[in-house]
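# Remarks on the overall topology
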Amino acid sequence: MRIIRGKYKGRHFPPPANFKARPTTDFAKEGLFNILENGYVDFEETPAALDLFAGTGSIGLELASRGCRHVVSVEKDFRHWQYLHKVSHELNDDIWKPVHADVFKFCKLCREKYDIIFADPPYTLPNLAAIPDVVLGTDDNSTLLADGGVFVLEHGRDYDFSQHPRFVAHRNYGSVNFSFFQ
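Residues numbered from 1 in each chain as written. Predicted model: local features only at pLDDT ≥ 70, side-chain atom pairs only at ≥ 80, totals over all residues. Heavy atoms only, no water.

The residue Ile131 is located in helix α5 (residues 131–136) in this model. Placed 28 residues apart in sequence, Ile131 and Val103 show a C-alpha to C-alpha distance of 9.7 Å. The contact partners of Ile131, leaving out residues within four places of it in the chain, are Phe53, Phe104, Ala119, Pro121, Leu125, Phe151 and Leu153. (Helix = DSSP H or I, 4+ residues; strand = E, 2+ residues; numbered from the N terminus. Contact = heavy atoms within 4.5 Å.)

Attention shifts here to the sheet that holds strand β4 (residues 114–119). Read across the open sheet, the 7 strands follow the order β3-β2-β1-β4-β5-β7-β6; overall the sheet is mixed. Of all strands in the sheet, those bounded by a partner on one side alone are β3 (96–100) and β6 (167–173). Each strand axis lies, on average, 15° off the axis of its neighbour in the sheet, ignoring direction. Most of the contacts of helix α3 (residues 78–91) go to β3, to which it runs at about 160°, and overall it touches β2 (71–75) and β3. (Pairing = 2+ DSSP bridges. Axes fitted to C-alpha atoms, helices over the stretch in contact; angles between N-to-C directions.)

A word on the pattern of salt bridges. Counted by the stated rule, this structure contains 9 salt bridges. Here Arg2 makes a salt bridge to Asp26, at a shortest N to O gap of 3.2 Å. Pair noted here: Arg2 is in the segment before α1 (26–37) and Asp26 is in helix α1, with a separation of 24 residues, a long-range link. On the basis of relative accessibility, which here comes to 27%, the residue Arg2 falls in the partly exposed class. Owing to a relative accessible area of 30%, Asp26 belongs among the partly exposed residues under this scheme. (Salt bridge = Lys/Arg side-chain N within 4 Å of Asp/Glu carboxyl O. Buried < 20%, exposed > 50% of the residue type's maximum accessible area, 1.4 Å probe, protein only.)

The next point concerns helix α2 (residues 58–65). Among the 8 residues in α2, 8 count as buried, and that is most of the element. Taken together, the buried residues of α2 touch α1, β1 (49–52), β2, α3, β3 and β4. Phi turns positive, to about 120°, at Gly67, one or two residues after α2.

Right, let's talk about the environment of Asn172 for a bit. Secondary-structure assignment places Asn172 in strand β6. Among the residues examined, Asn172 registers a relative accessible area of 43% and is labelled partly exposed. In this structure, the C-alpha to C-alpha distance between Asn172 and Ile59, residues 113 residues apart in sequence, is 17 Å. A polar side-chain atom of Asn172 sits 3.2 Å from the main-chain carbonyl oxygen of Gly174. (Polar contact = N/O pair within 3.5 Å; in protein donor to acceptor, adjacent residues only side chain to side chain.)

We now examine unusual backbone geometry. Non-glycine residue Phe53 carries a positive phi angle of around 60°. Take Phe53: it is sitting in the loop between β1 and α2. The exposure class assigned to Phe53 is buried, which follows from its relative accessible area of 15%. A positive phi angle, close to 50°, is found at Asn92, a residue other than glycine. Mapped onto the secondary structure, Asn92 falls in the loop between α3 and β3.

Before going further, it helps to spend a moment on the pairing of strand β5 (residues 145–155). Sheet faces and side chains relate simply in a regular strand, where the side chains alternate between the two faces. Counting buried positions along β5 gives 9 out of 11 residues, so the element sits mostly inside the fold. Bridge count between β4 and β5: 5 bridges; the pairing is parallel. Among the inter-strand pairings, Phe118 is bridged to a residue of β5, identified as Val152.

For the rest of this paragraph, the subject is the pairing of β6. Two strands pair when backbone bridges link them, and β6 and strand β7 (residues 176–181) are joined in this way by 6 bridges, in the antiparallel orientation. Residue pairing for β7: Asn172 is matched across the bridge by Asn177. Between β6 and β7, which follow one another and run antiparallel, lie 2 residues, and Gly174 among them has a positive phi close to 70°.

Right, here's the structure in full:
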């Protein structure tokens, strides 16, 4: 895993050989961050970001590297979280906080609002289609997304979120699809 830009640019954080997570490809990650920077986000003015289903932590680290002031990465798998925790200690940067938790429980209990939310669930997750409603809630009081924020869901090509009331765009990078919500 490589950080593309920002204060950690060029740093590599290789996950252990037995890692089960599927990291977002550099090609897709670069495309995603270009879209975010050119239409949705000024990273240095972004107080809080949330990375759900963090896996390797690639997106959370990229957010922290580019200037987000507070980044929370949520990962359920204990070995993956241990890896994220190890990288966090190596960086010795209070901006990025890996959390060991189930994403759905975390979202239900969380009262903080985030300016950027990114979710990269396993493409085979049975309730993947429910994630926009879990993150965005059913009313403004239950949403995790701050006013003016953006939620990005990475998913396989079998999903189409264009009918969701808060859907704004879709981008495709090979087998990687991003749906954007506001």
